[in-house]
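Spelled out, the chains give:
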Amino acid sequence: RLTKFKFVSKTDSLDWHFPICINKLVSAAVFFVTDRPKLAENYTEDTWLKLRDAVGAIQNSTSIKYNLEELYQAVENLCSYKVSPTLYKQLRQVCEDHVQAQIHQFREYPLCSLDNLSFLKRMNRCWQDHCRQTIMIRSIFLFLDRTYVLQNSLLPSIWDTGLELFRSHIVSDSAVQKRTVDGILEQIELERNGETVDRSLLRSLLGMLSDLQVYKDSFEERFLIETNRLYAAEGQRLMQERDVPEYLHHVARRLDEENDRIVSYLDQSTQKPLISCVEKQLLGEHMTAILQKGLSTLLDENRVTELAVLYQLFSKVKGGLSTLLQFWRDYIKSFGGEIVCTPEKDKDMVQELLDFKDKMDNVAQSCFARNEGFINAMKEAFEAFINKRPNKPAEFIAKYVDSKLRAGNKEATEEELERILDKIMIIFRFIHGKDVFEAFYKKDLAKRLLVGKSASVDAEKSMLSKLKHECGAAFTSKLEGDVQGHGAYMQNQSEPSNIELTVNILTMGYWPSYTPMEVHLPPEMVKLQEVFKLFYLGKHSGRKLQWQPTLGHAVLKAEFKEGKKELQVSLFQTLVLLMFNEGEEFSIEEIRTATGIEEGELRRTLQSLACGKARVLNKNPRGKDVEDGDRFNFNNDFKHKLFRIKINQIQMKETVEEQVSTTERVFQDRQYQIDAAVVRIMKMRKTLSHNLLVSELYNQLKFPVKPGDLKKRIESLIDRDYMERDKETPNQYHYVA
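Residues numbered from 1 in each chain as written. Predicted model: local features only at pLDDT ≥ 70, side-chain atom pairs only at ≥ 80, totals over all residues. Heavy atoms only, no water.

> I would appreciate a short explanation of the overall build of the chain in the present structure.
A count of helical and extended segments in the chain gives 30 helices and 11 strands. Every one of the 737 residues in the chain was classed for burial, and the buried ones make up 46%. Relative to all contacts within the chain whose residues are 6 or more apart in sequence, the contacts with residues 24 or more apart total 72%. Of the roughly 39,500 Å² of accessible surface on the chain, 49% is carried by carbon and sulfur atoms. (Helix = DSSP H or I, 4+ residues; strand = E, 2+ residues; numbered from the N terminus. Buried < 20%, exposed > 50% of the residue type's maximum accessible area, 1.4 Å probe, protein only. Contact = heavy atoms within 4.5 Å. Areas by Shrake-Rupley, 256 points an atom, 1.4 Å probe, with all protein chains shown as cover.)

> Is there a simple way to think about the pattern of salt bridges in this case?
Here the idea is simple: oppositely charged side chains can pair when their charged atoms come close. Scanning all chains against the criterion turns up 39 salt bridges. Residue Lys 357 is joined to Asp 361 by a salt bridge in which the shortest nitrogen-to-oxygen separation is 2.9 Å. Residue Lys 357 and its partner Asp 361 are located together in helix H17 (residues 349–366), separated by four residues, close to a single helical turn. Taking the shortest distance from any N to any O, the salt bridge between Asp 628 and Arg 603 comes out at 2.3 Å. Here Arg 603 lies in helix H27 (residues 599–610) and Asp 628 lies in the loop between strand E6 (617–620) and strand E7 (631–634), a separation of 25 residues in the sequence. Overall, Asp 628 belongs to the exposed group, its relative accessible area being 61%. One continuous salt-bridge network, built from bridges that share partners, spans Glu 191, Arg 192, Arg 199, Glu 258, Asp 260 and Arg 261. (Salt bridge = Lys/Arg side-chain N within 4 Å of Asp/Glu carboxyl O.)

> Please clarify how the sheet that holds strand E10 (residues 723–725) should be interpreted in this entry.
Whether parallel or antiparallel, the strands of a sheet pair through hydrogen bonds between backbone atoms. An order of E9-E11-E10 is seen for the three strands of this open sheet, with the pairing classed as antiparallel. Strands at the two margins of the open sheet, each flanked by one partner only, are strand E9 (687–689) and E10. The mean angle between the axes of side-by-side strands here comes to 25°, regardless of whether they run parallel or antiparallel. Taken together, the three bridges between E9 and strand E11 (residues 732–735) define a ladder with antiparallel strand orientation. Following the sheet pairing, Thr 687 is matched in E11 by His 734. On the sheet, helix H29 (residues 690–700) packs against E9, E10 and E11 and is oriented at approximately 90° with respect to E9. Strands E10 and E11 of the sheet are contacted by helix H30 (residues 707–719), whose axis makes an angle of about 105° with E10. (Pairing = 2+ DSSP bridges. Axes fitted to C-alpha atoms, helices over the stretch in contact; angles between N-to-C directions.)

> Help me understand empty space enclosed by the protein in this model?
Any empty space left between the atoms is revealed when a probe the size of a water molecule rolls over them. Within the structure shown, the criterion is met by two cavities of 30 Å³ or more. For the lining of the largest cavity, the secondary-structure elements that each account for two or more residues are helix H4 (84–102), helix H6 (116–140) and helix H8 (158–171). A per-element tally of the lining of the largest cavity places H4 first, with five residues. When grouped by side-chain class, the residues that make up the lining of the largest cavity number eight nonpolar, four polar and one charged. What lines the second largest cavity is simply Leu 354, Lys 357, Asp 358, Asp 361, Lys 423, Ile 426 and Ile 427. Broken down by secondary-structure element, the contributors of at least two residues to the lining of the second largest cavity are H17 and helix H20 (414–429). A total of four residues in the lining of the second largest cavity trace back to one element, the largest contributor, which is H17. Here the residues of the lining of the second largest cavity sort into three nonpolar, no polar and four charged. (1 Å grid on protein atoms, 1.4 Å probe; cavity = no way out; pocket = protein on both sides within 12 Å on 5 of 7 lines; lining within 4 Å. Points joined across faces, edges and corners; volume = space filled by probe spheres on them. Nonpolar A, V, L, I, M, F, W, Y, C, P; charged D, E, K, R; others polar.)

> Where do I start with the nonpolar core in this structure?
As a rule of thumb, nonpolar side chains are buried together in soluble globular proteins. Grouped together as the largest cluster of nonpolar side chains are 136 residues, with contacts concentrated most on Phe 219 and Trp 328. Contacts of Phe 219, omitting those with residues within four sequence positions, involve Val 181, Ile 184, Leu 185, Ile 188, Leu 206, Leu 209, Val 214 and Leu 266. Judged by nonpolar contacts, the second largest core, of 29 residues, contains Ala 614, Val 626, Phe 632 and Ile 645. (Core = buried A, V, L, I, M, F, W, Y, C linked by side-chain atoms within 4.5 Å.)

> What's the story with the packing of aromatic side chains in this structure? I'm lost.
Remark: the centre distance and the inter-plane angle together describe each pair of aromatic rings, the angle taken between the planes. Under the counting rule described, the total for this entry stands at 24 aromatic pairs. Ring plane angle 50° and centroid distance 5.3 Å describe the contact between Tyr 215 and Phe 219, whose orientation is recorded as tilted. Of the two residues, Tyr 215 and Phe 219 both sit in helix H11 (residues 215–241), four residues apart, roughly one turn of that helix. The exposure classification of Tyr 215 matches that of Phe 219, with both residues buried. Taken together, the ring pairs in this structure connect Tyr 331, Phe 335, Phe 356, Phe 382, Phe 385 and Phe 430 into an aromatic cluster. Above the face of the Phe 119 ring, Arg 179 is positioned so that its terminal group lies 4.8 Å from the ring centre. Over the ring of Phe 382 we find Lys 357, and its NZ or CZ is 5.9 Å from the ring centre. (Phe/Tyr/Trp six-rings, centres within 6.5 Å; stacked < 30°, edge-to-face > 60°. Lys NZ or Arg CZ within 6 Å of the ring centre and 35° of its normal.)

The following block contains the structure:
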């Protein structure tokens, strides 16, 4: 309040005669504000904080000695005498004359661009003086402002009058306005180029334009045009000069800089068009080029920081995320397709798929903000590429599981093994031909169980539980029969024997079929087999036993110079070693004749006994491989730190014939399933067109099938009189009851 002002000096009273009194009062007020700035020190600090930045001075007057309190009281007295209209008009005229006089200092200012900054400083000083003086005048004429002006809605307040006068007489001057805006734009361009500028000056001048309501028309339009031009050129240039990571960081930095300008000195209304302009020119115009040039590299090198920046930037641009998602999907299909469809990578296919899935999961989680669209696109892409090569991924996944569930694998703990099985199931879900996986998995499971190679029964059951949850009970019923159906039967005989016999009874419906191999067993073994056969068939009538020597194993007691040892060996290894009870040295041909073991199996058996780590036989001549003409003798000097030694049989890698046989078995099963599905559908529908029948078959069958295969099965069923063609419409089928 003005009552807070102190008396500076005692003065004579005013002459109250009209209109001289009004003229003197206005002149005294203007003089007080403009020519005696030291008096302003007596104005309270709280009031000064309310002053706006800005322009001008008012008009000088004659030397009159009055203090603020007296001036304020004089205004109040005059308003009480009903002379407010005259007082308001006179005040406006004096202020207008003063403002008009200020324009000359700007029109006559040098046009040299080097003087633009000093021009801006002068403009800012003029504006700040004008605002400060207008506030002071309003304070003196506060009674007038709150009574007369407030009651007349068509009259602007003293503050608004001050703004109007400054706008119309100074800022609206075309030359002054252009020079001012040019200078501001020049300063902003310098700052964008890395130079330091006076931000408080820019904030004050732009605040002036905003207060005078010319910001949008005089400044913002030109500012956005210049910004658009600058970043359009910069985007084109930097896309050629820089790699994608560098470019992305540059764009992010530019956006931060522009947001900082909005906070520091630009009007808030400029934020949306300004940021949109930067995003459009630096990102929107180059989205495809950025992704084509750099996305594959970023993903290949696992540049998670840059990928996160890429996602954040593209999420700001219209259509950015949809474009990024498409490129992301295409990358996964391309990279994954190379893993699956390159035969040279078959050995490491599954491990590479698991590593690739882990990598893409991490990108989706940490870089793409767990965006559901990107996660779903990744799943679609995996399903697409993994089924580009039918059957093989399913086969190799089954073999990978076998390698992990075998005894002696390098996964140290059950928790690690469980984690790997969970990851395998994720890949398994993408496969269409799950029956191929089932066939190979069942074959490998049987081998693990029969030769004691399974790492853990709990792990086997855990894997079956996962498969059951994924595919249903029908899928795992035979596999569960494998785990539960190999019970042990101990020998039962009346005659004493030094040999203990354990027999695993396999139900043929559950277990894979094995090709019988005839070998020459020692009489003791043959006798024990006969005893067990009588015992078993006596308990189960109507059953047939078929011995599988390829799956047998034994424990032999052996005597060496070092002492007695026990050897855990396969049945084939047993037959070979027992020969050395009858002689000192044998050729490969002599051993084959005596044992009856097939030549390939015999070579692998001899190699395991004479060329491995535990060499209980000596081979002459020495070497890693067994050749024709090699001779073998018992290694009496054999030494080993353990008492019971397991001599691993060198496993024959799965032959092409075995792979083909397993695959053909799957295809045969598929044909039966197609036939059953066709008959089931036709029995229910009675009559159906070819297209509708094929459509229903696709819905029912759980494995991939080609239209040509379906057509062959339909023709086969027609030939076997399960269905017939319509005589008038060949594309129509009827069920034959």
